[in-house]
Amino acid sequence: MRRFKYYALVTGASSGIGLAISRELARRGYPLFMVSNEKEKLNEAATEIQAEYTVKIKILCMDLSQADSAQKLFDYCAENNIQIEILVNNAGIFFFNDVIDTPPFRMETMINLHVLTPAMLCRLFAKQMIDAQTEGYILNITSITSQMMMPGISLYGATKSFVRCFSRAMRHETLDRGVSITAISPGAVATNLYNLPPRYMKPGLGLGIIMKPERLARLALDKMFQRKAEYIPGGFNRFFTFLVKSLPGFFVRKIKKNVLPS
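Since the model is a prediction, treat every value here as computed from it, not as a measurement.

Reading guide: rules and limits
Numbering of residues starts from 1 in each chain and follows the order in which that chain's sequence is written. It should be noted that, the model being predicted, local features are given only for residues of pLDDT at least 70 and side-chain atom pairs only at 80 or more, the latter also being counted only at that level, while totals for whole chains, interfaces and linings use all residues. With hydrogens and water set aside, each side-chain value is computed from the structure's full complement of heavy atoms. A run of H or I in DSSP counts as a helix once it spans at least four residues, and a run of E counts as a strand once it spans at least two, with each numbered from the N terminus. Buried, partly exposed and exposed residues are distinguished by accessible area as a fraction of the type maximum, computed with a 1.4 Å probe on protein chains only: under 20%, between the cut-offs, and over 50%, respectively. Working definition of accessibility: Shrake-Rupley area with a 1.4 Å probe, residue cover restricted to the visible protein chains. Here, any two strands with at least 2 DSSP bridges between them count as paired. Contacts were defined at the residue level, with two residues in contact if any of their heavy atoms lie within 4.5 Å. Only the stretch in contact is used when a helix axis is fitted, and all axes are lines through C-alpha atoms; the angle between N-to-C directions ranges over 0 to 180 degrees. Stacked, edge-to-face and tilted are the three classes for Phe, Tyr and Trp ring pairs, Trp counted by its six-membered ring, which pair at centre distances within 6.5 Å; planes under 30 degrees apart are stacked, over 60 edge-to-face, the rest tilted. The span expected for a helix works out to 1.5 Å for each residue beyond the first. In this description, one arc is meant: the one made by directions from the helix axis to the C-beta atoms. We call a set of buried Ala, Val, Leu, Ile, Met, Phe, Trp, Tyr and Cys residues a nonpolar core when their side-chain atoms join them within 4.5 Å. When describing relative orientation, an angle under 35 degrees is termed roughly parallel and one over 145 degrees roughly antiparallel, while 65 to 115 degrees is termed roughly perpendicular and anything else oblique. In this scheme, a crossing is called left-handed if the near helix is turned counterclockwise away from the far one by less than a right angle; it is called right-handed if the turn is clockwise. In the scheme used here, Gly and all other residues not listed as nonpolar or charged are polar, with Ala, Val, Leu, Ile, Met, Phe, Trp, Tyr, Cys and Pro taken as nonpolar and Asp, Glu, Lys and Arg as charged. By convention a crossover is right-handed if, when the strands point away from the viewer, the path from the first strand over the helix to the second runs clockwise.

### What to know about the overall build of the protein chain
Part 1 of the argument: Along the backbone of the protein chain there are nine helices and seven strands.
Part 2 of the argument: The burial tally for the protein chain puts 50% of its 262 residues in the buried class.
Part 3 of the argument: For the protein chain, the accessible surface area stands at approximately 13300 Å², while carbon and sulfur atoms represent 55% of it.

### A closer look at the sheet that holds strand S2 (residues 32-36)
Part 1 of the argument: Strand order in this open sheet of seven strands is S3-S2-S1-S4-S5-S6-S7, and the pairing throughout is parallel. With partners counted over all chains shown, the strands left at the sheet margins are strand S3 (57-61) and strand S7 (230-231), one partner each.
Part 2 of the argument: Those strands touched by helix H4 (residues 104-131) are strand S1 (7-11), strand S4 (84-89), strand S5 (136-141) and strand S6 (179-184), and its axis lies near 165° from that of S4.
Part 3 of the argument: Sheet strands in contact with helix H7 (residues 213-225) are S4, S5, S6 and S7, and its direction is about 145° off that of S6.

### Concerning the packing of aromatic side chains
Part 1 of the argument: According to the stated counting rule, one finds seven aromatic pairs in the structure shown.
Part 2 of the argument: Ring geometry for Phe33 versus Tyr76: centroids 5.8 Å apart, planes at 10°, classification stacked. Of the two residues, Phe33 is situated in strand S2 and Tyr76 in helix H3 (residues 69-79); the sequence distance between them amounts to 43 residues.
Part 3 of the argument: Using a relative accessible area of 28% as the deciding quantity, one classes Tyr76 as partly exposed.

### Concerning helix H2 (residues 39-53)
Part 1 of the argument: Compared with the 21 Å implied by 1.5 Å per residue over 15 residues, the 21 Å span of H2 between its first and last C-alpha is a close match.
Part 2 of the argument: Turning to H2, its buried residues are Leu42, Ala45, Ala46, Ile49 and Tyr53. Each buried residue of H2 lies within a common arc of 100° when the element is viewed along its axis, so the set occupies one face. Opposite the buried face of H2, by more than 90 degrees, sit the exposed residues Glu40, Thr47 and Ala51.
Part 3 of the argument: Buried-residue contacts for H2 involve helix H1 (16-27), S2 and S3.

### A short note on the nonpolar core
Part 1 of the argument: Core analysis: the biggest nonpolar cluster contains 34 residues, and Ile21, Leu25, Leu32, Met34, Ile49, Ile86 and Leu139 have the highest contact counts within it.
Part 2 of the argument: Breaking this core down by element, the ones donating at least two residues are S1, H1, S2, H2, S4, S5 and H7.
Part 3 of the argument: Membership of the second largest hydrophobic core comes to 27 residues, among which are Phe33, Leu60, Ala91 and Leu124.

### Quick notes on the side chain of Ser146
Part 1 of the argument: Relative to the helices and strands, Ser146 resides in the loop between S5 and helix H5 (154-174).
Part 2 of the argument: Once you skip the residues sitting within four places of it in the chain, Ser146 turns out to touch Gly157, Lys160, Ser161, Arg164 and Ser185.

### Quick word on unusual backbone geometry
Part 1 of the argument: Despite not being glycine, Thr54 shows a phi value in the positive range, around 50°.
Part 2 of the argument: Residue placement: Thr54 occurs in the loop between H2 and S3.
Part 3 of the argument: With a phi angle near 55°, Gln133 is a residue other than glycine that sits in the positive phi range.
Part 4 of the argument: For Gln133, the location among the structural elements is in the loop between H4 and S5.

### With respect to the packing of H1 against H7
Part 1 of the argument: For the pair H1 and H7, interaxial distance at closest approach is 8 Å and the crossing angle is 60°. Taken together, the axes of H1 and H7 are oblique relative to one another. Viewed along their axes, H1 and H7 form a crossing whose handedness is right-handed. In this structure, H1 contributes Gly16, Ile17, Ala20, Ile21, Glu24 and Leu25 to the contact, and H7 contributes Pro213, Glu214, Leu216, Ala217, Arg218 and Leu221.
Part 2 of the argument: Class assignment of the residues belonging to the contact of H1 with H7 gives a composition of eight nonpolar, one polar and three charged.

### Let's talk about the pairing of S1
Part 1 of the argument: The buried count for S1 comes to five of five residues, which makes it a mostly enclosed element.
Part 2 of the argument: Along S1, one buried face is formed by Tyr7, Leu9 and Thr11 and the opposite face, lined by Ala8 and Val10, is buried too.
Part 3 of the argument: When S1 meets S4, the two strands line up parallel, connected through four bridges. Bridging across to S4, Leu9 finds its partner in Leu87.
Part 4 of the argument: Sheet topology note: the S1/S2 ladder contains four bridges and is parallel. What sits directly across from Val10, in S2, is Met34.
Part 5 of the argument: Handedness of the crossover joining S1 and S2 through H1: right-handed.

Written as structure tokens, this is what we have:
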């Protein structure tokens, strides 16, 4: 296994997609800088990965939903001589609720975590990579909901849409200067983010509607290293995205009224 000199920074690294990406990066020989607000889980994950792959691992427990968290994280790297070659913006939250029924503090938390912090981390670390004249990669985890105007996930989908559009646009600013930015838009993933009951998880995995995080991690990193602009993993997800975008507005409202929780 090849060993790399510079670190891969993964946010939301203590569980779910972030943990799977961290493990896959370690398998490929990258030292890790794992960041999460779940201290106990973060310590356990780092210990487990280090024992399995013997790569260097640094961890930091930090709440990335604060307005100044991106700058604090960047400064921490500078103060501790942690040079970043790969940035994975993965940290996120999910809740299902109409916007008017969502407390303002929850809206602020999601917007900061999904929009402000990833955008600022891209800005700070991309500039550092370019100034250092080192090849760099940024992987931004979005969602197929970034292309869906669906009730109940209005805020979630909109924040993921920002990340997707921002990634595509900023990529044109950095690609010729050595930094590739890739947006990955997964559908349902077998993690605890969506709190899916087990009775839905197993058949969803069998039908390919739900993807295991380990498979998503491999696909996402493959596309990132291939310097792809954007990718929606899974044929079903690509078809489903097209289908939902084609639904007329009155039908979407009918679904909300009769099917979705109110």
